[in-house]
Amino acid sequence: MRDRDARTAHELPPASHGATELLGVRATRLDLARRRVALDDGTDLPYDRLVLATGSRARRLSGLPDEATLRGLDDAVALRDRLASAPSVVVIGGSPLGMEIASACVGSGCRTTLVSQGTPLTRQLGPHLAGVFVSAALSSGLTLVRTETAARIDGTTDAGRVVLDSGETVEAELIVSAVGDVPNTQWLADTGLTANGAVPVDVRGLARPDVAAVGDLAAFPTPHGVRRVPLWSNTIEQARTAARALLHGDQAPPLRFRPYFWTEQFGLTLKAAGRLPTAGVPTYLEGEPGGGPALMRWSHADGSATAAALGLRVPIPRLRRMTEPTT
């Protein structure tokens, strides 16, 4: 698929929502007192209610000028083209994205090394599921390098070089980083709406009665503190909740987090509903330990559970029913 075809495949049909779309412009400043948003083309937009949904961008490591990140379709097309010649690759970051990128590199015939602080996926999934995926990755030919602290890129030579905390280096023709994201809140710096780089909101998604924030830049109250949950499924639920709150205030229902996660890498697929990461060994409802197809459940002290389907086509509603508190 050529670049143009790849983009066309992801284009949306003509909008029928009735809203006015302003494309190719960027918000540069928010005036809360006057209720106006300034755009980079000189336009000054008034509002009665405002939704902040400016998302986030890939966190970049300093050093290598042509360091690659993966955030949007253009990034994916560029990475695909780079992999066509099967270069040696170093992927920095043991997150789900880092592991998915490494999986694609290995699948493209690239000699691939993943540099990770600790065991990949442990922070996101817990040690049991992380172990399953790491085992599959190593069996597929991935080289794993664990570090205690963040690796850095040395751009002082023509070669792509990653420097580890031990002082050792790993070189490759292509370096790809997957070390998290940064909320796009810089244009809100003088509004008082941001904290720790995000926009904290209440249980309905409101930063103030006339301003909502949703998606990657919003920090919601969760059972584990106020934090961002940058998953597409949560973004959809946040948006619905915040829209109702802007229209109905305290009469609107609060957000009910229903965490859902999925990934596909190194020949394995995983769907999980409920709290992640998990601790301990699950109960196997189908299948058995070893990395084969399985349906697993972790029970929690509050009566709820986490359910995960590995290599099985289990409907999401069924997984979510398995997470409900027991009576």
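Residues numbered from 1 in each chain as written. Predicted model: local features only at pLDDT ≥ 70, side-chain atom pairs only at ≥ 80, totals over all residues. Heavy atoms only, no water.

Draft legend 1. Structural view of the pairing of strand β19 (residues 260–265). Note: β19 against strand β20 (residues 268–273), six bridges, orientation antiparallel. By the bridge assignment, Thr263 is partnered in β20 with Leu270. (Pairing = 2+ DSSP bridges. Helix = DSSP H or I, 4+ residues; strand = E, 2+ residues; numbered from the N terminus.)

Draft legend 2. Structural context of a nonpolar patch on the surface. Residues Trp232, Ile236 and Trp262 make up a contiguous nonpolar surface patch of about 350 Å² in total accessible area. Within the fold, Trp262 resides in strand β19. Residue Trp262 is classed as partly exposed on the basis of its relative accessible area, which comes to 45%. (Patch = residues over 30% accessible without salt bridge, like charges linked within 9 Å, V, L, I, M, F, W, Y side chains within 5 Å. Areas by Shrake-Rupley, 256 points an atom, 1.4 Å probe, with all protein chains shown as cover. Salt bridge = Lys/Arg side-chain N within 4 Å of Asp/Glu carboxyl O. Buried < 20%, exposed > 50% of the residue type's maximum accessible area, 1.4 Å probe, protein only.)

Draft legend 3. The arrangement of helix α6 (residues 232–248) in detail. End to end, α6 covers 25 Å across 17 residues, agreeing with the expected 24 Å (1.5 Å per residue, within 8%). Listing the buried residues of α6 in full gives Ser233, Asn234, Glu237, Gln238, Thr241, Ala242, Ala245 and Leu246. At its buried positions, α6 is contacted by β4 (50–52), β15 (206–208), β16 (211–213), β17 (218–222), β19 and α7 (316–321). Where α6 ends, the next residue or the one after it, Gly249, has phi of about 60 degrees, a positive value. (Expected span 1.5 Å × (residues − 1). Contact = heavy atoms within 4.5 Å.)

Draft legend 4. Here's a closer look at the pattern of salt bridges. The final tally for this structure, using the stated rule, is 17 salt bridges. A salt bridge links Asp216 to Arg71; its shortest N-O distance comes to 2.6 Å. One end of the pair, Asp216, is in the loop between β16 and β17; the other, Arg71, is in the loop between β5 (56–58) and α2 (73–83), and 145 residues separate them in sequence. Of the charged contacts, one joins Glu324 and Arg256 as a salt bridge, the two residues approaching to 3.1 Å between their closest N and O atoms. Note that Glu324 is positioned in the segment after α7 and Arg256 in the loop between α6 and β19, a separation of 68 residues in sequence. For Glu324, a relative accessible area of 36% translates into the label partly exposed. Beyond isolated ion pairs, a larger network of salt bridges with shared partners links Arg29, Asp31, Arg34, Arg36, Asp44 and Asp190.

Draft legend 5. Region of interest: the packing of aromatic side chains. Throughout the structure, instances matching the rule amount to one aromatic pair. Centre to centre, the rings of Phe220 and Phe257 are 6.0 Å apart; their planes meet at 90 degrees, and the pair counts as edge-to-face. Separated by 37 residues along the polypeptide, Phe220 in strand β17 and Phe257 in the loop between α6 and β19 bring together distant segments of the chain. Residue classification places Phe220 among the buried residues on the basis of a relative accessible area of 1%. (Phe/Tyr/Trp six-rings, centres within 6.5 Å; stacked < 30°, edge-to-face > 60°.)

Draft legend 6. The arrangement of the sheet that holds strand β22 (residues 294–299) in detail. Reading across from one edge, β19-β20-β23-β22-β21 is the order of the five strands in this open sheet, with antiparallel pairing throughout. Of all the strands in the sheet, just β19 and β21 (283–286) have a single pairing partner and so form its edges. Adjacent strand axes in the sheet meet at a mean angle of 20 degrees, parallel and antiparallel pairs treated alike. The pairing of β21 with β22 spans three bridges and is classified as antiparallel. The residue bridging Tyr284 from the neighbouring strand is Met296, located in β22. (Axes fitted to C-alpha atoms, helices over the stretch in contact; angles between N-to-C directions.)

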